[in-house]
Amino acid sequence: MQKTVDANRKFSFPAVWREGCRVLILGSLPGDESLRQARYYAHPRNVFWRLMGDLFGFDPVADYSMLLSRLKTGGVALWDVVADGCREGSLDQHIEGERPNDIPWLLDKCPTIALICCNGTASHRFLRKYFPEIWQRESIRISRLPSTSPAAARLSYEEKRRIWFDELFPVLRGDFIMTHGRIAEGK
């Protein structure tokens, strides 16, 4: 008997990180446009790269490898809670039959992570469902941030920017200094 492949099964990308990262941003599972382009947060109306560009002072439409490099240099790791799952379309509420990525593995590989930012409600829900023990780690704070997805239009870009910056600045400030409202490498 031949196995059929579920056309709605979607897979996450590898973790983006390097030693010394202090913040881990977790999405849920890449949407269709991200999967088509094989890059995190590829939907043109998703404001993730715009937020990160404002935070670190880079052009959010720059070369993708440069965007990832700037995140890592800035102390930010990136991954999804869900390794794979079935979902028709791109809405998180339709994810089912999911399997998680090994988030504890990444936290063990990068023990300097002090803050986990869940990009939206779904990533927070999946993290709590599959890894409740992470909430017991005294060295890590977990924050549910407003989703950067275009489907999450309840808040304006400026409101999302303020909330994201308020969470990230205190953690990243140890290695970075503020310059003109952005984080720049400290001397």
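The rules we used
- Residues numbered from 1 in each chain as written.
- Predicted model: local features only at pLDDT ≥ 70, side-chain atom pairs only at ≥ 80, totals over all residues.
- Heavy atoms only, no water.
- Salt bridge = Lys/Arg side-chain N within 4 Å of Asp/Glu carboxyl O.
- Helix = DSSP H or I, 4+ residues; strand = E, 2+ residues; numbered from the N terminus.
- Buried < 20%, exposed > 50% of the residue type's maximum accessible area, 1.4 Å probe, protein only.
- Axes fitted to C-alpha atoms, helices over the stretch in contact; angles between N-to-C directions.
- Parallel < 35°, antiparallel > 145°, perpendicular 65-115°, else oblique.
- Left-handed = near helix turned anticlockwise from the far one by under 90°.
- Contact = heavy atoms within 4.5 Å.
- Nonpolar A, V, L, I, M, F, W, Y, C, P; charged D, E, K, R; others polar.
- 1 Å grid on protein atoms, 1.4 Å probe; cavity = no way out; pocket = protein on both sides within 12 Å on 5 of 7 lines; lining within 4 Å.
- Points joined across faces, edges and corners; volume = space filled by probe spheres on them.

### Concerning the pattern of salt bridges
So, step 1. For the coordinates displayed, the defined rule picks out 9 salt bridges.
So, step 2. A salt bridge links D84 to R99; its shortest N-O distance comes to 2.3 Å. With a gap of 15 residues between them, D84 in strand β4 (residues 82-86) and R99 in strand β5 (residues 96-100) connect regions that are remote in the sequence.
So, step 3. Note on D84: relative accessible area 3%, which makes it buried.
So, step 4. Here E98 ties to K129 by a salt bridge, and the two come within 2.8 Å at their closest N and O atoms. Residue E98 is located in strand β5, and its partner K129 is located in helix α5 (residues 121-130); the two are separated by 31 residues in the primary sequence.
So, step 5. Judged by its relative accessible area of 12%, E98 falls in the buried class.
So, step 6. The network of salt bridges with common partners includes R9, D84 and R99.

### As for the packing of helix α2 (residues 48-56) against helix α3 (residues 64-73)
So, step 1. Axis separation between α2 and α3 bottoms out at 11 Å; the angle between their running directions is 55°. If you check the angle between α2 and α3, you find them oblique. Read as a crossing pair, α2 and α3 show a hand that is left-handed. The segment α2 lies against α3, with F48, W49, M52 and F56 engaging Y64, L67, L68, R70 and L71.
So, step 2. When its residues are assigned to classes, the contact of α2 with α3 shows 8 nonpolar, no polar and 1 charged.

### Remarks on the layout of surface pockets
So, step 1. In this model, the largest pocket occupies a volume close to 840 Å³.
So, step 2. D92, S147, S149, A151 and A152 are, among the 39 residues lining the largest pocket, the residues nearest its centre.
So, step 3. Every element with two or more residues in the lining of the largest pocket is listed here: α1 (32-37), α5, β7 (141-145) and α6 (157-172).
So, step 4. For the lining of the largest pocket, the residue count by class is 15 nonpolar, 14 polar and 10 charged.
So, step 5. Across the lining of the second largest pocket, the residue classes tally to 8 nonpolar, 2 polar and 3 charged.

### Notes on the environment of V23
So, step 1. Take V23: it is sitting in strand β2 (residues 23-27).
So, step 2. C-alpha of V23 to C-alpha of I113: the two residues are 90 residues apart in sequence and 5.3 Å apart in space.
So, step 3. For V23, the contacting residues outside a window of four places in its chain are G75, V76, A77, I113, L115, C117, L168, V171 and L172.

Such coordinate-based values are descriptive only and should not be taken to indicate function.
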